[in-house]
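Chain residues, written in single-letter form:
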Amino acid sequence: MRKFFYLIPVLFLFLQNESFSQKSAKGDEDAFFIKKIYNTALTQGQCYPWLTHMTTKIGGRLAGSPQAAAAVEYTYQMLDTLNLDSVWLQPCMVPHWIRGEKEQVRIVNSNVIGSLDLNALALGNSIGTGKDGVSAEVIEVKSLDEVERLGESNIKGKIVFYNRPMDPTQLRTFRAYGGAVDQRSQGPSMAAKYGAVAVLVRSMTTRLDDVPHTGGLNYKAGIKKIPAVAISTNDAELLSRVLKKEKTHVFVRTTCEMLADKLSYNVIGEIRGSEFPNEIILVGGHLDSWDVGSGAHDDGAGCVHSMDVMQIMKRLNYRPKRTIRCVLFMNEENGLAGGKAYAKASNEKGEFHLAAIESDAGGFTPRGFSSTAHEDVFKEKYKNMTEWLPLLEPYGLGFTRGGSGADISPLKSQKGLLIGFRPDSQRYFDYHHTGIDNIDAVNKRELELGAASIMSLVYLIDKYGL
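This text gives an overview of the structure that appears in the document.

A word on the overall build of the protein chain. Tallying secondary structure elements over the protein chain gives 14 helices and 16 strands in all. Over its C-alpha trace the protein chain gives a radius of gyration of 25 Å, about what one expects of a compact globule, namely 23 Å for 466 residues. For the protein chain, with 466 residues in total, the buried portion stands at 56%. Residue pairs at least 24 apart in sequence account for 82% of intrachain contacts in the protein chain once pairs closer than 6 positions are excluded. Of the roughly 20,000 Å² of accessible surface on the protein chain, a fraction of 52% belongs to carbon and sulfur atoms. Averaged over its 54 positive side-chain charges, the protein chain has a centre that lies 4 Å from the centre of its 53 negative ones.

Okay, here's the thing in structure tokens:
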């Protein structure tokens, strides 16, 4: 009997070592496969040539434009060459806004600097001024609250100039962007509420340069629509200095307009799961971009990241347990029609997205992933995902709580994990929504590392679930 008790700790140690050995072997297997993913992405990836074609041969892909239609056809054909189980187009009606003639924004007859043209872009969805333009005194404000405090007596008949910079002390530039972008999205209607005739907005970037940044605005129902234009940060600084010295008039002329909605499409391709086909892992980006520049970082990079995940998977002869679906969404920039249409169709079919990963933060060096989910499931799913950190940390990747992506956000009710791919963001807002967001701003290796990072996470979620 005494010998039996002596054997118990020995048996426990044996079983413990055996369990550790199995975990270690499994970890080694995963580490080797992830290394194979990176090797393939860096030597046989297709994301860079795909992005080169999309940006140089097609260009800016504003929803409803011929270029957006060309991008739908091109990406459909590319996915179709990968021998996926299914490739299809999902229809959605999108707004059709056009910029029209080149914008004119001019300081008029200043005693300080005379007359001077400013670098400007109309904001997306803005109405035009009409062919004769509009000229009025400018009043500078730093916030929407300041407009409310000034009221109609100080605002009526004037051009409101929103000049609150993105906060340079924020290490996460997306947080700085979020702290300033209300001027662009809500500022026009707030100014119109108190009688303004037009709005100027400081471009959303921490950099001081001559490059104006466009971006969408949201007119509030029941309030008169007024023209809205972004000016470069250098010009915002200049105008602010002039206003400190004298009353200043600015002339604005834009011919942009909103046309009737148009039919467009999300582009979708998938590989069906071998064991759990009803559990979907989505990878995606948005196919549309603004009409200035060619949308290389925003969000051509996210689209080709997602397409390359499928290409790498096929090249490695990896047969997933769960359904892997690539979705290229249409109309994220000025309406989110594609994301809404996709979620509506998915919910009607009773689908379940175990995870959805969106790449919409550029093609820079990967830093990791942020995630969110329905409050009922987030804590458990996030905890399970963080157990893979030892496998991903060697590639500079980590996990944070936070947002995911605009296109996948309508899937939250399905109670899967919503994940945003997070590359280094320090340079992203130098190019965001500008005429310089072109292929020469994208580093091939950084882009390929992004595809490898996303594919590695897809592999772990597919193998182990959440």
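Turning next to the packing of aromatic side chains. How two aromatic rings sit relative to each other is given by the distance of their centres and the angle of their planes. This model, assessed by the stated rule, comprises 15 aromatic pairs. Note on Phe-378 and Tyr-382: the rings are 5.2 Å apart at their centroids and 25° apart in plane angle, and the pair reads as stacked. Here Phe-378 and its partner Tyr-382 are both found in helix H11 (residues 378-386), 4 residues apart, which amounts to about one turn of the helix. A residue is classified by how much of its surface remains accessible, and Phe-378, at 13% relative accessible area, is buried.

All right, on to empty space enclosed by the protein then. The full count for this structure, using the stated rule, is 2 cavities of 30 Å³ or more. The space that makes up the largest cavity amounts to roughly 60 Å³. In terms of lining residues, the largest cavity is bounded by Trp-88, Gln-90, Ile-268, Arg-325, Tyr-342, Ala-345, Ser-346, Lys-349 and Glu-351. Residue assignment for the lining of the largest cavity shows that the elements contributing at least two residues are strand E1 (86-98) and helix H10 (337-349). For the lining of the largest cavity, the element with the most residues is H10, which contributes 4 residues. Looking at side-chain class alone, the lining of the largest cavity contains 4 nonpolar, 2 polar and 3 charged residues. Empty space within the second largest cavity amounts to approximately 30 Å³. Lining the second largest cavity are Ser-289, Trp-290, Val-292, Gly-295, Asp-298, His-433, Thr-434 and Asp-437. When the residues that make up the lining of the second largest cavity are grouped by side-chain class, the tally is 2 nonpolar, 4 polar and 2 charged.

Attention shifts here to the side chain of Arg-202. Counting through the fold element by element, Arg-202 comes out in strand E7 (residues 198-202). A distance of 2.8 Å separates a polar atom in the side chain of Arg-202 from a polar atom in the side chain of Glu-237. Other than its neighbours up to four places away in sequence, Arg-202 contacts Phe-161, Tyr-162, Asn-163, Arg-164, Pro-165, Leu-208, Ile-231, Thr-233, Ala-236 and Glu-237.

An order of E3-E2-E9-E5-E6-E7-E8-E4 is seen for the 8 strands of this open sheet, with the pairing classed as mixed. Edge positions in the open sheet fall to strand E3 (114-117) and strand E4 (120-122), since each of these has one partner strand only. Here the strands of the sheet are splayed against their neighbours by 30° on average, with no regard to which way each runs. Sheet topology note: the strand E2 (residues 104-110)/E3 ladder contains 3 bridges and is antiparallel.

The full count for this structure, using the stated rule, is 23 salt bridges. Across the salt bridge formed by Glu-140 and Lys-142, the nearest N and O atoms sit 3.5 Å from each other. The salt bridge involving Glu-387 is made with Lys-383; its shortest N-O contact spans 3.7 Å. For Lys-383, a relative accessible area of 51% gives the class exposed.

Definitions and limits used
Residues numbered from 1 in each chain as written. Predicted model: local features only at pLDDT ≥ 70, side-chain atom pairs only at ≥ 80, totals over all residues. Heavy atoms only, no water. Helix = DSSP H or I, 4+ residues; strand = E, 2+ residues; numbered from the N terminus. Rg over C-alpha atoms; globule rule 2.2 N^0.38 Å. Buried < 20%, exposed > 50% of the residue type's maximum accessible area, 1.4 Å probe, protein only. Contact = heavy atoms within 4.5 Å. Areas by Shrake-Rupley, 256 points an atom, 1.4 Å probe, with all protein chains shown as cover. Lys, Arg positive; Asp, Glu negative; His and termini not counted. Charge placed at Lys NZ, Arg CZ, Asp CG, Glu CD. Phe/Tyr/Trp six-rings, centres within 6.5 Å; stacked < 30°, edge-to-face > 60°. 1 Å grid on protein atoms, 1.4 Å probe; cavity = no way out; pocket = protein on both sides within 12 Å on 5 of 7 lines; lining within 4 Å. Points joined across faces, edges and corners; volume = space filled by probe spheres on them. Nonpolar A, V, L, I, M, F, W, Y, C, P; charged D, E, K, R; others polar. Polar contact = N/O pair within 3.5 Å; in protein donor to acceptor, adjacent residues only side chain to side chain. Pairing = 2+ DSSP bridges. Axes fitted to C-alpha atoms, helices over the stretch in contact; angles between N-to-C directions. Salt bridge = Lys/Arg side-chain N within 4 Å of Asp/Glu carboxyl O.

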